[in-house]
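Given next are the chains, with one letter for each unit.
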Amino acid sequence: MNAPFHPVAQRVRLADLSQADERHRYAAFLAAHPQATAFHAPEWIEAVAHGTGNRAHLLLAEGRAGIAAALPLNEIHSPVFGRLLASTGFGVDGGLLAGEGVDAEPLFAAAEELALRLSCPAIELRGGLLPTTRAGWRERRDAHCGFVAPLADSDEAQLLAIPRKQRAEVRKGLDEQLTVSVGREQADRAAHYAVYAHSVRNLGTPVFPRALFGAVMDRFGEQADILAVRHGEEPVASVLSLYHRGAVMPYWGGGTRAARGLRANDRMYFELMLHARRRGCDRFDFGRSKTGSGAFHFKRNWGFTPEPLAYAQWTAPGQPVRDADPTSAKHAAVIAAWQRLPLALANRIGPLIARGLG
């Protein structure tokens, strides 16, 4: 006869990551949890807080053996989209982590209470355990996909692993007079921001504050770097990547208008695959994309198989569902107008808006 199941007894509280022992205990919990990501790390939520002004919070459930579950959050403030608790802010993962046998319901309830206390009418959980039966929550598995594939064991094998049509684009990039550099210094950061700001303006999206990129680089140390592709002295493509548990994630990347003709973006991602393998990585995490979007198909062209990502959103009673989807019809006219802005103006006002996108 099987023994009856008894959930782990626990208490839920807000952690104080400014306390060294608290931080150490949380870091140990993450190190032991198989689903922990870079977006669960205190370095991430603190970088978001420092770089965008959106405060970091950490809810912990504790049992007799220590931390039983954790939910990192950022308190997002947007004059356009309203207030939100995101797990985690500006991340594609970072949802609730729990140990075996742990009842997650008290943490979900605590998150709802915290949201109401902070006047945030919405919560978004990106990955992790999701509240499948709680009132007020809506789960989605059709909005975004992730793309992860193993890295090959040599430069030649990596090139041959790319499907034929995309491999031809990479070869064109390899034939161009382009130079590639990897670094973490201020010059690398400046080049990356200039390229990234140009890229997202062309997509109709406000650029994130420069301080966010700097805060991530500073807090992640050697677990983050910038790869840039130059044509002559001019940076034409650049990507800021994170490294976590043997995987490289090109997280914030883009190219100028000149990059397309030079195949600089194709060269950039191929060079990052080679660089990551030399660093000891065995997987390439191409990040998330909106299902069916141009980026979604671009990653499929590289031979990556899309895997649906599970997210959940809570809306406070009596409040409208938050709509911050840049592809929705509601925002189409704004995006089109943004694409026509002079770059200098977009870079000046974009961060004021983007700090609230979360």
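Sequence order sets the numbering: in each chain, residues are counted from 1 along the sequence as written. Reporting in this predicted model follows two pLDDT cut-offs: at least 70 for local features of residues, and 80 or more for side-chain atom pairs to be given and counted; totals over whole chains, interfaces and linings ignore these cut-offs and use all residues. Side-chain numbers here rest on the full set of heavy atoms in the structure, without hydrogens or water.

Caption draft 1: Up close: the overall build of the protein. Check the secondary structure of the protein and you find twelve helices and 15 strands. Only C-alpha atoms enter the radius of gyration, while the globule expectation follows 2.2 Å times N to the 0.38, with N the number of residues. Scaling as 2.2 N^0.38, a compact globule of 358 residues should have a C-alpha radius of gyration of about 21 Å, and the protein matches this with 21 Å. Looking at the protein alone, contacts between residues at least 24 apart form 72% of all its contacts between residues at least 6 apart. Surface accessibility follows the Shrake-Rupley procedure with a 1.4 Å probe radius. Residue values consider only the protein chains on display as shielding. With an accessible surface of roughly 16800 Å², the protein has 54% of that area assigned to carbon and sulfur atoms. Here the protein contributes 42 positive and 36 negative side-chain charges, whose respective centroids are spaced 5 Å apart. Secondary structure is summarised from DSSP: a helix means a run of H or I of at least four residues, a strand means a run of E of at least two, and numbering begins at the N terminus for each. Contacts were defined at the residue level, with two residues in contact if any of their heavy atoms lie within 4.5 Å. Charged residues are defined narrowly, with Lys and Arg counted positive, Asp and Glu counted negative, and His plus the chain ends left uncounted. The atoms used to mark charge sites are NZ of Lys, CZ of Arg, CG of Asp and CD of Glu.

Caption draft 2: The packing of helix H2 (residues 42–52) against helix H7 (residues 210–220), seen in detail. Orientation of H2 relative to H7, taken along the N-to-C sense of each, is 145°, at an axis distance of 8 Å. Crossing handedness for the pair H2 and H7: right-handed. Residues Glu 43, Trp 44, Glu 46, Ala 47, Val 48, His 50, Gly 51 and Thr 52 of H2 touch H7, and the partners they reach there are Ala 211, Leu 212, Ala 215, Val 216, Arg 219 and Phe 220. Taken together, the residues of the contact of H2 with H7 break down into eight nonpolar, three polar and three charged. Each axis is a line fitted through C-alpha atoms, and for a helix only the stretch in contact is used; angles between axes span 0 to 180 degrees, taken between their N-to-C directions. By definition, any crossing whose near helix is turned counterclockwise from its far helix by less than a right angle is left-handed, and any crossing with a clockwise turn is right-handed. Gly counts as polar in this scheme, as do all residues outside two lists: the nonpolar Ala, Val, Leu, Ile, Met, Phe, Trp, Tyr, Cys and Pro, and the charged Asp, Glu, Lys and Arg.

Caption draft 3: Representation of the pattern of salt bridges. What makes a salt bridge here is a side-chain nitrogen of Lys or Arg within 4 Å of a carboxyl oxygen of Asp or Glu, nothing more. By the definition in use, this model includes 21 salt bridges. Arg 278 is the partner of Asp 155 in a salt bridge, and the nearest nitrogen-oxygen pair spans 2.8 Å. Of this pair, Asp 155 sits in helix H4 (residues 155–161) while Arg 278 sits in helix H9 (residues 264–279); the two residues are 123 residues apart in sequence, bridging distant segments of the chain. One connected set of salt bridges, linked through shared partners, spans Arg 11, Arg 13, Glu 22, Arg 25 and Glu 62.

Caption draft 4: Spatial organisation of the side chain of Arg 267. Its place among the elements puts Arg 267 in helix H9. When accessible area is computed with a 1.4 Å probe and restricted to protein chains, residues below 20% of their type maximum are described as buried, those above 50% as exposed, and intermediate ones as partly exposed. Exposure remark for Arg 267: the relative accessible area of 9% places this residue in the buried category. Of note is the side chain of Arg 267, whose polar atom sits 2.7 Å from the side chain of Glu 271. Once residues lying within four places of it in the same chain are set aside, the contact partners of Arg 267 are Gly 173, Leu 174, Glu 176, Leu 178 and Val 180. Pairs of N or O atoms are called polar contacts if they sit within 3.5 Å, as long as, within protein, a hydrogen donor faces a hydrogen acceptor (for residues adjacent in sequence, only side-chain-to-side-chain pairs).

Caption draft 5: Expanded view of the nonpolar core. Counting 44 residues, the largest nonpolar core has Tyr 26, Trp 44, Phe 208, Val 216, Leu 240, Leu 242 and Trp 252 as the members making the most contacts within it. Among the elements that line this core, the one with the most residues is H7, at six residues. Apart from the residues within four sequence positions on either side, Val 216 is in contact with Trp 44, Ala 47, Leu 240, Leu 242 and Trp 252. Among the buried residues, those of types Ala, Val, Leu, Ile, Met, Phe, Trp, Tyr and Cys that are joined through side-chain atoms within 4.5 Å form a nonpolar core. Counting 31 residues, the second-largest nonpolar core is a separate cluster that includes Phe 147, Val 229, Tyr 243 and Phe 296.

Caption draft 6: Quick look at the environment of Ala 337. One can find Ala 337 in helix H11 (residues 329–339). The exposure class assigned to Ala 337 is partly exposed, which follows from its relative accessible area of 34%. Separated by 133 residues in the primary sequence, Ala 337 and Gly 204 place their C-alpha atoms 7.5 Å from one another.

Caption draft 7: Seen up close, helix H3 (residues 105–117). Helix span, expected: 1.5 Å multiplied by one less than the number of residues in the helix. Taking 1.5 Å per residue, 13 residues should reach 18 Å; H3 reaches 18 Å between its end C-alpha atoms and fits that length. Looking at the residues trailing H3, positive phi occurs at Ser 119, about 60°.

Caption draft 8: Inspection of the pairing of strand S3 (residues 66–78) at higher detail. Summarising burial for S3: eleven of the 13 residues are buried, a large majority. Linkage of strand S2 (residues 56–63) to S3, two consecutive antiparallel strands, is achieved through a turn of two residues. By the convention used here, strands pair only if DSSP detects at least 2 bridges between them. Pairing geometry for S3 and strand S5 (residues 97–98), over two bridges, is antiparallel. Within the sheet, the bridge partner assigned to Ala 69 lies in S5 and is Ala 98. Pairing geometry for S3 and strand S4 (residues 82–87), over five bridges, is antiparallel. Its bridge partner being in S4, Ser 78 is matched across the sheet by Gly 82. Linking S3 to S4, which pair antiparallel, is a turn of three residues.

Caption draft 9: Here's a closer look at the packing of aromatic side chains. Any pair of Phe, Tyr and Trp rings, taking the six-membered ring for Trp, is counted once the centres come within 6.5 Å. Such a pair is stacked with planes under 30 degrees apart, edge-to-face with planes over 60 apart, and tilted for the rest. Enumeration over the complete set of coordinates arrives at 22 aromatic pairs. On the numbers, 4.8 Å between centres and 85° between planes, the contact of Phe 39 with Trp 44 is edge-to-face. Ring geometry for Trp 44 versus Phe 220: centroids 6.2 Å apart, planes at 75°, classification edge-to-face. Of the two residues, Trp 44 is situated in helix H2 and Phe 220 in helix H7; the sequence distance between them amounts to 176 residues. As far as the burial class goes, Trp 44 and Phe 220 line up, both buried. Counting as a charge over the ring demands two things of the Lys NZ or Arg CZ atom: a distance within 6 Å of the ring centre and an angle within 35 degrees of the ring normal. Looking at Arg 279, its charged tip hangs above the ring of Tyr 243, at a distance of 3.7 Å from the centre.

Caption draft 10: Layout of the environment of Pro 209. Within the fold, Pro 209 resides in the loop between helix H6 (186–203) and H7. With 145 residues separating them along the chain, Pro 209 and Ala 354 place their C-alpha atoms 7.2 Å apart. Among residues more than four places away in sequence, those in contact with Pro 209 are Gly 51, Thr 52, Tyr 193, Pro 351 and Arg 355.

Caption draft 11: Unusual backbone geometry, seen in detail. Thr 88 follows Ser 87 through a cis peptide bond whose omega is 0°. Mapped onto the secondary structure, Thr 88 falls in the loop between S4 and S5. Notably, Phe 90 is not glycine yet its phi reads approximately 60°, a positive angle. For Phe 90, the location among the structural elements is in the loop between S4 and S5. The class of Phe 90 is buried, set by a relative accessible area of 5%. The phi dihedral of Ser 119 falls on the positive side, at around 60°, and the residue is not glycine. The residue Ser 119 is located in the loop between H3 and strand S6 (122–126) in this model. Overall, Ser 119 belongs to the partly exposed group, its relative accessible area being 49%.

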